[in-house]
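Read off the chains here:
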Amino acid sequence: MNKELVELIAGVLDVAAEDLTAESGPLSVPQWDSLGHVTIVAAIEDTFRIELSMPQILGAKSIADFQKLIEENRVG
Amino acid sequence: MSKTSWLSRLRGIGTNLADDVDGVLEAIRDALTKFAIRGFELEVVGRVLKEAAEIGSRGRFPLYRVYVLAGYTSEPIASALRVALLREGFLGEVVEAPFSAFRESIIDSASPLYQQEYDAVVLALGYRNLRPDPTQLSFDAAPETIMSEWLNEMRDLWAHLGARLKVPLFQHTIEPTGLHYIGAGRLRHGADPDRLLSALQERMYEAAPAFVHWVDTSGLAQRVGLSRWHDPRFYFHGAFGFNREFLPEYSAVLGGAFRASLGATKKCLILDLDNTLWGGVVGDDGVDHVRVGPDDPESRAYQEFCRYVLALKDRGVILAVCSKNEEKTARAVFDRRADMPLKMDDFSAFVCNWEDKARNVELIARTLNLGLAHLAFVDDNPAECARVAEVNAGLGVLCLPEDPAGRVAALERQHWFDTIQLSSEDRLRSDSYQGLRRAEEVRSSARNIAEYLAGLEMTASLYEATSADSLRLAQMEAKTNQFNLRTRRFSEEEVLAFIDSQDRYVLACRLADRFADHGVVASIVLRRAGATLEIENWVMSCRVFSRTLEHFMLRELMSLARSMGVERLVADFVPTSKNAVISDLLANLGFTRAGEDSEGQWVLDVGDRYEGQPTYIAAGPDAFG
């Protein structure tokens, strides 16, 4: 997993990075509510200099999903 | 700096929130002054501040309670507000109205908005909140009809708020949609949304009651670019009113509006010279060769910065120079260079020497009778900026970017000089301070203070204020920290109500001397109860301290009291951290404590004669005596 991404999400949600895995998402992390989700998107867009589309934002359900989106958007 | 610096910084300071709230707040506030913050980081900081408000400050950060009415998701607004208030030294307790229920919250007298006392209310609206929706108008609709519908609803909401609220309402200006449809063809005919919205804003400025303080979100949206400001993804996803990337800029605009209302607007801009007002070092390059003027790109950028500074002065900002230079050489640039827009007369203080700048800033503060919190300092040298910021707490400090072309924007981003409304005294003020500098020059040549004061040839008049004075009087109530007897902070609405009231009297005082007309510089609010006249508040601008104006005012007040058949004046002094300068005022003027009780009110009997303290001010027209 991308360490920078995990630390970024941990910082936004105010949880320990060690407690997060690739599968972590809104269902498994209580702090990951809807507002937390859009703040994570803003943080990722700003940090990795990408822009996600609305379907991508809605479809991302885990850290692994976000990691895939970052890689796709970077290539594209 | 690592990309996650703000988040890791928060982790560092956030762990001991419950143990040491004030320490955490202090650390965040300090970091806010030193490091730029991005939108999502601001939201995370906002959440920490929300927790801090739930715990409560242990005393260092007074609580400031705000109710937020938003037409869209209010959390980001609340976060920006908490950050803006912390920058000003307050712990914001922000209560958010139910989602998108701003109309209901305003109209329903039983809504939570009216059940508690707040310090301010924010009304955060965007164009999508108007009814009818500007993007859903028929192009054939009659513009006047739509305009009336919008304006009537706004008037209605203001009427509800005005009837129940006693505090300022901070309301967003409405930004354009940025939709151009058929291009320029839309501009001359039909109900084009942006044409109508800009006309609506003009009408709202005219129609808004005095308790409405505008937060210029429309100006901000246009500065950052409408196509970036509006973010449909997040509007559709979570009803966010604007792109949250701009929360830091939005927070700065909010801060400017609140600062003006809290009386903490910067009044004076202190400028370095070499590589700040011109390119190059005048001591090395010579007066004729420093770069400012029309000749090359760099000189043009410096000239434009100087013109911007001059425009600030024109809008009431006091200018001062603080430079490591030979004074004579430095002056020559302003005196001899025709392409230098600023002239010596534009500066109210001019300090050129080789001493520590931190000390020179203090000297300027003393000369102008201003607290450090009202001063702002710009310099191109990071070391000087750091030193000055370290020593002079409360001073606004901006280290200019290296590129001279980016400097106007850098200065604007500070929102140091934001006002809610501009009164004519704001513009007079700069002249008055320049008069002060000339007066200081006279002072050094006068043999003693009496000669100095007599040499100023001062005239003043204390008169009953009218509604024309209310804006200026409310400004003084809000801004005056030092000579403020009870720090009541009467609002413009209150002042207007006092002017109309039977038992209250509002007196304004104008002062002129042979150097400048200072305009309205002091005011007294009185309440009559039988044979007693009570001083409810007394404020005086710090730029006319030590001129015996208070002695003049009391003499005039005694004549007024006598003519009203009043037997005694009573007054109270309420100490604050900033008004120690007048702690002996009442005793000096001849008031005595009522009864044995040393906590009692101060009383002064109105006899046939009042000896009082000497004054060097002659009565101008409109005097009571």
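Notes on the structure follow. (Residues numbered from 1 in each chain as written. Chains lettered and ligands numbered in written order. Predicted model: local features only at pLDDT ≥ 70, side-chain atom pairs only at ≥ 80, totals over all residues. Heavy atoms only, no water.)

### Some words on the environment of Glu41(B)
You can see Glu41(B) is positioned in helix α3 (residues 39-55). For Glu41(B) and Arg307(B), which are 266 residues apart along the polypeptide, the C-alpha to C-alpha distance reads 35 Å. (Helix = DSSP H or I, 4+ residues; strand = E, 2+ residues; numbered from the N terminus.)

### Some details on the interface of chain A and chain B
Contacts between the two partners involve 24 residues from chain A, matched on the other side by 16 residues from chain B. Taking both partners together, chain A and chain B bury about 1800 Å²; carbon and sulfur atoms supply 61% of that area. For the chain A face of the interface with chain B, the top three residues by lost area are Leu35(A), Val38(A) and Met54(A), together amounting to 27%. Run the count over chain A and chain B and you get two salt bridges. As a salt-bridge pair, Arg233(B) and Glu45(A) come within 2.5 Å of each other at their nearest N and O atoms. Contributing elements (two or more residues each) for the side of chain A that touches chain B: α1 (3-13), α2 (34-48) and α3 (54-59) of chain A. With ten residues, α2(A) is the largest single contributor of residues to the side of chain A that touches chain B. Residues of the side of chain A that touches chain B, tallied by class, amount to 14 nonpolar, five polar and five charged. (Contact = heavy atoms within 4.5 Å. Buried area = accessible area lost by both parts, 1.4 Å probe. Salt bridge = Lys/Arg side-chain N within 4 Å of Asp/Glu carboxyl O. Nonpolar A, V, L, I, M, F, W, Y, C, P; charged D, E, K, R; others polar.)

### Thoughts on the sheet that holds strand β5 (residues 212-215) of chain B
Residues and elements named next belong to chain B. In spatial order, the strands read β2-β1-β3-β4-β5; together these five strands make up an open sheet with parallel pairing. Looking at strand neighbours, the two that pair on one side only are β2 (91-96) and β5, the edges of this open sheet. For this sheet, the mean angle separating the axes of adjacent strands, direction not counted, is 25 degrees. Here strand β4 (residues 169-172) runs beside β5; their pairing, made up of four bridges, is parallel. Bridge pairing links Gln 171 to Trp 214 in β5. (Pairing = 2+ DSSP bridges. Axes fitted to C-alpha atoms, helices over the stretch in contact; angles between N-to-C directions.)

### Overview of helix α2 (residues 21-34) of chain B
In an α-helix, one turn spans 3.6 residues; hence positions three or four apart end up facing the same way. Relative to the 20 Å expected for 14 residues at 1.5 Å per residue, α2(B) spans 20 Å between its end C-alpha atoms, a close match to the ideal helical length. For α2(B), the full list of buried residues reads Val21(B), Asp22(B), Val24(B), Leu25(B), Ile28(B), Ala31(B) and Leu32(B). (Expected span 1.5 Å × (residues − 1). Buried < 20%, exposed > 50% of the residue type's maximum accessible area, 1.4 Å probe, protein only.)

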